[in-house]
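Tertiary structure, described
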Amino acid sequence: MSPELWHPLHDTPAFPPARFGAVADRIARILNTRNDVLLIQAEAVVALEAVAASLGRPGMKVINVVTSLYGGWFGNWMRRTGAEVVDVTAEPARPITVEAVEAALNANPDTKVLALVHAESASGIRNPLEEIVALARARGVVTVVDAVASVGGHSLDVDQLGIDIAVIGPQKALAGPAGLSALSVSPAAWKLISEEGALKDSILSLIDQKVWLDTGRGALAGTTAPLEFFAFEAALDRVEAEGVPQMISRHVRAARATRAALAAMGAELWVELTKCSNLVTAVKLPEGVRAEALLGVAPRVMELSAGVGPGADQLIRLNHTGRRARFDSVLGNVTAFGMGLRRSGVKADIAAAVDAVALHFGD
């Protein structure tokens with residue numbers, strides 16, 4: 001390679017195989033679990049599809065909670081395996097109710113698997129994870145939880161709750177790379193995955209991934225992406241230096257400050273406080289104001305975006321995820337939203353909003 005074409009990202013050193021197990025152990029501590037942890041060399045949507053492909057069997061009864069397009073995808077992946085999927089669907093861009101899930105479980109006593117998303121970045125909502133998992137656990141139902149948009153920003157105690165499979169991605173609250181993901185797998189989940197007809201010889205096969213565990217957690221199968229793992233280690237270093245409880249508290253403060261500021265401004269939250277994600281705040285658009293129009297006139301340097309999926313066209317998202325869960329990002333987001341409202345012809349008390357942010361970060 002000629003000198004003028006050389007770049008420090010070329011010929012990256014290999015990630016030491018001995019450190020893969022340590023990465024998995026560090027993830028297990030974040031999840032508060034003694035269950036097996038698998039490392040998936042792809043973004044979390046691949047890990048979620050692998051779970052569906054590995055769990056599903058012809059005729060298996062599955063209750064699938066749908067509160068965004070991600071839940072819809074999971075149900076479709078399960079159907080490909082021949083599973084009988086019962087979708088429990090929330091109102092568009094709204095959280096599911098415990099009563100709806102309980103009714104579905106009561107109506108389908110032969111349910112083997114229940115799947116749900118913990119928090120939805122698409123709409124800023126949070127589903128009642130603890131209550132739903134408790135309902136499933138009492139019935140011996142294996143639970144699958146998409147915790148990609150909640151881990152690090154919400155309390156997530158996998159073993160205490162009894163979550164059988166928890167899928168995470170490091171790119172949100174953990175502020176890591178998007179090209180890797182991980183999942184924890186309980187003995188009950190492994191039993192179901194290992195039943196007759198298990199998917200094998202596939203990148204989506206968790207049975208094939210389990211070989212890494214069974215052979216001593218050395219080198220991962222296939223060609224690893226060293227840059228992603230080095231970046232993941234750096235993110236874990238930062239998480240551990242801060243402490244998971246402190247990181248969650250930082251997201252809680254950013255969320256509370258954002259919501260207090262929006263209320264002071266005169267804006268309306270998309271859902272009530274107890275049903276909000278700590279990573280993203282969704283605010284309802286005023287009557288007659290379209291998301292693309294407001295975003296077109298708001299300052300573009302801040303983390304404002306339209307909602308994603310059915311029903312989410314009525315909201316704007318203020319992102320305070322990961323390293324954005326801090327004073328300057330929250331203040332900038334709120335101010336930018338207020339400016340967008342004003343330029344759209346809607347009154348917005350930006351000064352009151354700024355005071356609210358300052359109050360929450362004042363100590």
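A word on the overall build of the protein chain
Tallying secondary structure elements over the protein chain gives 13 helices and 13 strands in all. For the protein chain, the C-alpha radius of gyration of 22 Å lies close to 21 Å, the compact-globule estimate for 363 residues. Principal-axis analysis of the C-alpha atoms gives the protein chain an extent of 65 × 60 × 40 Å. When the 363 residues of the protein chain are sorted by exposure, 52% land in the buried category. Considering only intrachain contacts with a sequence separation of at least 6, the fraction spanning at least 24 residues in the protein chain is 70%. When the accessible surface of the protein chain is summed, it comes to about 16,000 Å², and 54% of that surface belongs to carbon and sulfur atoms. The average position of the 34 basic charges and that of the 39 acidic charges among the side chains of the protein chain differ by 3 Å.

Thoughts on the pairing of strand β13 (residues 315-319)
With five of five residues buried, β13 lies mostly within the body of the structure. With burial as the criterion, each face of β13 is covered, one bearing Leu315, Arg317 and Asn319 and the other bearing Ile316 and Leu318. Across three bridges, strand β12 (residues 304-306) lies against β13 in antiparallel orientation. By the bridge assignment, Ser305 is partnered in β13 with Arg317.

Things to note about the sheet that holds strand β11 (residues 280-284)
A sheet is described by the order of its strands in space; here four strands give the open sequence β10-β11-β13-β12, paired in antiparallel fashion. The sheet terminates laterally at β10 (268-269) and β12, the two strands that pair on one side only. Pairing between β10 and β11: two bridges, direction antiparallel. Paired with Leu269 across the strands is Val283, a residue of β11. Where helix α10 (residues 244-265) meets the sheet, it contacts β10, β11 and β13, and its direction lies at approximately 15° from that of β11.

So, the sheet that holds strand β3 (residues 84-89)
The strand order across the open sheet built from seven strands is β1-β9-β8-β7-β4-β2-β3, with neighbouring strands paired in mixed fashion. The open sheet has two edge strands with one neighbour each: β1 (36-40) and β3. With strand direction ignored, the average angle separating the axes of adjacent strands in the sheet is 15°. Of the strand pairs in this sheet, strand β4 (residues 111-117) and strand β7 (residues 142-146) are connected by five bridges, and their pairing is parallel. Bridging from a neighbouring strand, Val117 pairs with Asp146 of β7. With respect to the sheet, helix α8 (residues 206-214) is in contact with β1 and β9 (181-185), its orientation differing from that of β1 by roughly 110°.

A look at the pattern of salt bridges
As enumerated under the stated definition, the model contains 14 salt bridges in all. The shortest N-O distance in the salt bridge between Lys210 and Asp214 comes to 3.1 Å. Here Lys210 pairs with Asp214, and both are found in helix α8, just four residues apart, close to one helical turn. Owing to a relative accessible area of 56%, Asp214 belongs among the exposed residues under this scheme. For Arg290, the salt bridge is made with Glu292, and the minimal N-O distance between the two is 2.8 Å. Several salt bridges converge on common partners, so that one network encompasses Arg26, Asp237 and Glu240.

Notes on unusual backbone geometry
Although it is not a glycine, Ala175 adopts a positive phi angle of roughly 55°. In this structure, Ala175 sits in the loop between β8 (165-168) and β9. At Arg217, a position not held by glycine, the phi torsion is positive, near 55°. Relative to the elements of secondary structure, Arg217 occurs in the loop between α8 and α9 (226-242).

Remarks on the packing of aromatic side chains
Working definition: an aromatic ring pair is given by the centre-to-centre distance plus the angle between the planes. Counting across every chain of the model gives eight aromatic pairs. Pairing Tyr70 with Trp73 gives two aromatic rings, centres 5.3 Å apart and planes at 85°, and the pair type is edge-to-face. Within this pair, Tyr70 and its partner Trp73 are both found in helix α3 (residues 69-80), separated by three residues, close to a single helical turn. Residue classification places Tyr70 among the partly exposed residues on the basis of a relative accessible area of 37%. Taking 6.5 Å as the distance between ring centres and 70° as the angle between the ring planes, the aromatic pair formed by Phe74 and Trp77 counts as edge-to-face. Here Trp77 and Phe74 lie together in helix α3, a separation of three residues that amounts to about one turn. In this structure Phe74 comes out as buried when scored by relative accessible area, which is 5%. For Arg19, the ring lying beneath its charged end belongs to Phe15, and the centroid distance is 5.1 Å. Directly above the aromatic system of Trp190 lies the positively charged group of Lys210, at a separation of 5.4 Å from the ring centroid.

Here's the deal with the side chain of Ser121
By the secondary structure assignment, Ser121 is in the loop between β5 (119-120) and β6 (125-126). Overall, the relative accessible area of 14% leaves Ser121 in the buried class. Other than its neighbours up to four places away in sequence, Ser121 contacts Ala149, Lys172, Val280 and Arg317.

Quick notes on helix α5 (residues 129-138)
Within the span of α5, buried status applies to Leu129, Ile132, Val133, Leu135 and Ala136. Each buried residue of α5 sits inside an arc of 155° when the element is viewed along its axis, so together they form one side. Immediately beyond the C-terminal end of α5, within one or two residues, lies Gly140, with a positive phi of roughly 70°.

The rules behind these values
- Residues numbered from 1 in each chain as written.
- Predicted model: local features only at pLDDT ≥ 70, side-chain atom pairs only at ≥ 80, totals over all residues.
- Heavy atoms only, no water.
- Helix = DSSP H or I, 4+ residues; strand = E, 2+ residues; numbered from the N terminus.
- Rg over C-alpha atoms; globule rule 2.2 N^0.38 Å.
- Buried < 20%, exposed > 50% of the residue type's maximum accessible area, 1.4 Å probe, protein only.
- Contact = heavy atoms within 4.5 Å.
- Areas by Shrake-Rupley, 256 points an atom, 1.4 Å probe, with all protein chains shown as cover.
- Lys, Arg positive; Asp, Glu negative; His and termini not counted.
- Charge placed at Lys NZ, Arg CZ, Asp CG, Glu CD.
- Pairing = 2+ DSSP bridges.
- Axes fitted to C-alpha atoms, helices over the stretch in contact; angles between N-to-C directions.
- Salt bridge = Lys/Arg side-chain N within 4 Å of Asp/Glu carboxyl O.
- Phe/Tyr/Trp six-rings, centres within 6.5 Å; stacked < 30°, edge-to-face > 60°.
- Lys NZ or Arg CZ within 6 Å of the ring centre and 35° of its normal.
- Arc of directions from axis to C-beta.

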